[in-house]
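# Observations on the three-dimensional arrangement
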Amino acid sequence: MAASPSSLSLRNSSPLSLSWKTNTHFSPLSRSTVSLPSRRPNPIFIVFSMDAKPTVLVAEKLGEAGLDLLKGFANVDCSYNLSPEELCTKISLCDALIVRSGTKVSREVFESSGGRLKVVGRAGVGIDNVDLAAATEHGCLVVNAPTANTVAAAEHGIALLTAMARNVAQADASIKAGKWQRNKYVGVSLVGKTLAIMGFGKVGTEVARRAKGLGMHVIAHDPYAPADRARAIGVELVSFDEALATADFISLHMPLTPSTSKILNDENFAKMKKGVRIVNVARGGVIDEDALVKALDAGIVAQAALDVFTVEPPPKDSRLVQHENVTVTPHLGASTMEAQEGVAIEIAEAVVGALKGELAATAVNAPMVPAEVLTELKPYVVLAEKLGRLAVQLVAGGSGVKSVKVTYASARAPDDLDTRLLRAMITKGIIEPISSVFVNLVNADFTAKQRGIRISEERILLDGSPESPLEFIQVQIANVESKFASAISDSGEIKVEGRVKDGVPHLTKVGSFEVDVSLEGSIILCRQVDQPGMIGTVGSILGEENVNVSFMSVGRIAPRKQAVMAIGVDEQPSKESLKRIGEVPAVEEFVYLKL
């Protein structure tokens, strides 16, 4: 249930009696004006003198432009097709390693490096073949090349779209088999047809521009894409269900996250217009492949064109690959000469920069933090990320997150509390659930700036002992609508607040309502009429499905008035159970939030 801030008239029943210490705003790439503590993170890079060149091992083919850039700074060893054992033997002599998708950079590789390996560069976007945890433990930075493939992927999406519409692959195979079947391969026109782009990021935007040039009507679904950016190129942002119901063609450009895994399933295929055509150049896992085969056989989906699969390469006897109405390519989205050169240059620049001691904007893991600092901040780091995840899930689709304010309440002086890591984790919590980007201390500000998100920070100075670094963290998102109207504060922003209690992060405020629920598992928030029996009613619904309730808390304005119930659950309730909760007469709205 979305509601605008102006529709609310909630009041804060327990105002804070705190004084403002500072009101410092941070643009995403600006340097913090807060003094840093004396305990600084240990550097994870080394800076080489002119007479001691670093050595870079290039383990898979890289474009010449990238190699030339590397050779201007380092000794370059191009050794392709290394076995795992050979890689482990060589790595102790190398300061950096560049791979594509075929080389596994395992924990054994980092252990074999003996601490010399400082940078791993992945020439491409995905880093599934690199053990990030082991890299971080061994003080090794991992960088990738996320932007050079954008145009190539968009062009391939359009190529599949047009080839599918005109049966190019099938007709080609037919003629080569000695047949002439003009009547069988009558296609469909693109002009005037509706294309729904699911995921309006860089690639989706480029596909939209090209589809508009083909005379198509383009709509898009992306809960967090700014509406003004879509309007600028003549694209209408719509809901997920509207996109499915109205599209003649659907092009997938969303990342593979827990919320998008198998998002095209039996239930959602049933919502589509009969005869829809689907293109996927994103990630194979966003489609339930068995469900797609059934939809093709039933005629719900007329055709599909796929460049990616859940398992790559797919099995030779795959019913989906062999289906006569499916066009397939072997993950060629980034396979153009220009894209390969662009990737080579992008990854070479990132690796050279890291070896010089610069912070790489495309880093996908964080630098090492001194153990004593990390130990103290660890529960607050977890709290910060989870508050970010909660806040962004409360944003109604289409709003577009632009302005985030983070408030820290602490008895410590500003120069004794470095909030960079906390701010990075809040950014991580806001961005990662709806993106394939990995966010950390190195790239958080850059990533926020890329998405047009402005992060500002405020401090509240408390009286008392500074033994604990923070009393609470508050996250506010301004100028958005909310799925849960009660999350809107009196000042009109989505607001969540949390504290650490006995080492465990807790949610302590939603909007103007005080609650107290452990941030473990997931959370159900209900706004209800405050009356007897509500806890038992909702608890019984969950209990019947064997969903374990870990915490339950009720915050209210006044007895018998409105209240918000926060329920921590260990398992995800079924849609039927959530529907039953929503149908309880006293429940005015509710939302399920995954942590």
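Residues numbered from 1 in each chain as written. Predicted model: local features only at pLDDT ≥ 70, side-chain atom pairs only at ≥ 80, totals over all residues. Heavy atoms only, no water.

### Things to note about the overall build of the chain
Looking only at helices and strands, the chain has 18 helices and 23 strands in total. Burial statistics for the chain: of 595 residues in total, 52% are counted as buried. Considering only contacts within the chain whose residues lie at least 6 apart along the sequence, 69% involve residues at least 24 apart. By element, 52% of the accessible surface of the chain is carried by carbon and sulfur atoms, the whole surface being about 26200 Å². (Helix = DSSP H or I, 4+ residues; strand = E, 2+ residues; numbered from the N terminus. Buried < 20%, exposed > 50% of the residue type's maximum accessible area, 1.4 Å probe, protein only. Contact = heavy atoms within 4.5 Å. Areas by Shrake-Rupley, 256 points an atom, 1.4 Å probe, with all protein chains shown as cover.)

### Points about the packing of helix H5 (residues 150–165) against helix H7 (residues 202–213)
When two helices pack together, their arrangement is captured by the angle between the axes and the distance separating the axes. Contact pair H5 / H7: the axes reach a minimum separation of 8 Å and the direction vectors enclose 50°. By the criterion of interaxial angle, the relationship of H5 to H7 is oblique. Here H5 and H7 pass one another in a crossing that is right-handed. Touching Thr 150, Val 151, Ala 153, Ala 154, Glu 155 and Ile 158 of H5 are Lys 202, Val 203, Glu 206, Val 207, Arg 210 and Ala 211, all from H7. Looking at side-chain class alone, the contact of H5 with H7 contains seven nonpolar, one polar and four charged residues. (Axes fitted to C-alpha atoms, helices over the stretch in contact; angles between N-to-C directions. Parallel < 35°, antiparallel > 145°, perpendicular 65-115°, else oblique. Left-handed = near helix turned anticlockwise from the far one by under 90°. Nonpolar A, V, L, I, M, F, W, Y, C, P; charged D, E, K, R; others polar.)

### Structural notes on helix H17 (residues 534–544)
Every buried residue belonging to H17 is among Met 534, Val 538, Ile 541 and Leu 542, and all of these are buried. Seen from one end, H17 has its buried residues packed into an arc of 95°, which puts them on one side. Along its buried surface, H17 packs onto strand S20 (522–529), strand S21 (549–556), strand S22 (562–569), helix H18 (575–583) and strand S23 (587–594). (Arc of directions from axis to C-beta.)

### Points about the pattern of salt bridges
Applying the stated criterion across every chain, the model contains 24 salt bridges. With a closest N to O distance of 2.6 Å, Lys 575 and Glu 267 form a salt bridge. Taken together, the residues Lys 575 in helix H18 and Glu 267 in helix H10 (residues 266–269) connect sequence positions 308 residues apart. For Glu 589, the salt bridge identified is with Arg 527, shortest N-O distance 3.4 Å. Residue Glu 589 is located in strand S23, and its partner Arg 527 is located in strand S20; the two are separated by 62 residues in the primary sequence. Each member of the pair Glu 589 and Arg 527 is classed as buried. Through salt bridges with shared partners, one network takes in Glu 385, Arg 389, Lys 428 and Glu 432. (Salt bridge = Lys/Arg side-chain N within 4 Å of Asp/Glu carboxyl O.)

### Thoughts on the confidence of the model for the chain
Here the chain averages 85 in pLDDT, and 89% of its residues register 70 or above. For residues 1–51, every residue scores under 50 in pLDDT, and the model assigns this stretch 119 contacts once sequence neighbours within four places are set aside. (pLDDT = per-residue confidence, 0-100.)

### Remarks on the pairing of strand S12 (residues 301–306)
With five of six residues buried, S12 is to be regarded as a mostly interior element. Bridging between strand S11 (residues 276–280) and S12 involves five bridges; their strand directions are parallel. In the sheet register, Asn 280 faces S12, and the bridge partner there is Leu 306. Between the parallel elements S11 and S12, the chain passes through helix H11 (residues 289–298) in a crossover that is right-handed. Bridge count for S12 against strand S13 (residues 326–328) is three bridges, and the pairing is parallel. Among the inter-strand pairings, Ala 305 is bridged to a residue of S13, identified as Thr 327. (Pairing = 2+ DSSP bridges. Right-handed = clockwise from strand over helix to strand, strands pointing away.)

### Some points on the sheet that holds strand S4 (residues 96–99)
Backbone hydrogen bonds hold the strands of a sheet together, and the pairing may be parallel or antiparallel. Read across the open sheet, the five strands follow the order S3-S2-S4-S5-S6; overall the sheet is parallel. Only two strands of the sheet have a single partner each, and these edge strands are strand S3 (75–78) and strand S6 (141–144). Across this sheet, the average inter-strand angle for adjacent strands is 20°, counted without regard to direction. As paired elements, strand S2 (residues 55–58) and S4 share three bridges and run parallel to each other. Bridging from a neighbouring strand, Val 58 pairs with Ile 98 of S4. The strands that helix H1 (residues 64–71) touches are S2, S3 and S4; relative to S3, the one it contacts most, it runs at about 140°.

### Details of the nonpolar core
Ranked by size, the top nonpolar core spans 52 residues in total, and within it Leu 394, Val 404, Ile 473, Leu 507 and Leu 525 carry the most contacts. With nine residues, helix H14 (residues 371–393) is the single largest residue contributor to this core. With sequence-adjacent residues up to four places away left out, Val 404 is seen in contact with Ile 430, Ile 453, Arg 454, Ile 455, Ser 456, Val 475, Gln 476 and Ile 477. Counting residues in hydrophobic clusters, the runner-up holds 30 residues, among them Val 238, Val 276, Phe 309 and Leu 320. (Core = buried A, V, L, I, M, F, W, Y, C linked by side-chain atoms within 4.5 Å.)

### Some details on the sheet that holds S11
Spatially, seven strands are ordered S9-S8-S7-S10-S11-S12-S13 in an open sheet, and the strand pairing comes out parallel. Sheet topology places strand S9 (236–237) and S13 at the edges, where each strand pairs with a single neighbour. Of the strand pairs in this sheet, strand S7 (residues 194–198) and strand S8 (residues 217–221) are connected by five bridges, and their pairing is parallel. Residue pairing in the sheet places Met 198 in a bridge with His 221 of S8. Lying on the sheet, H7 is in contact with S7, S8 and strand S10 (249–252); it crosses S7 at an angle near 170°.

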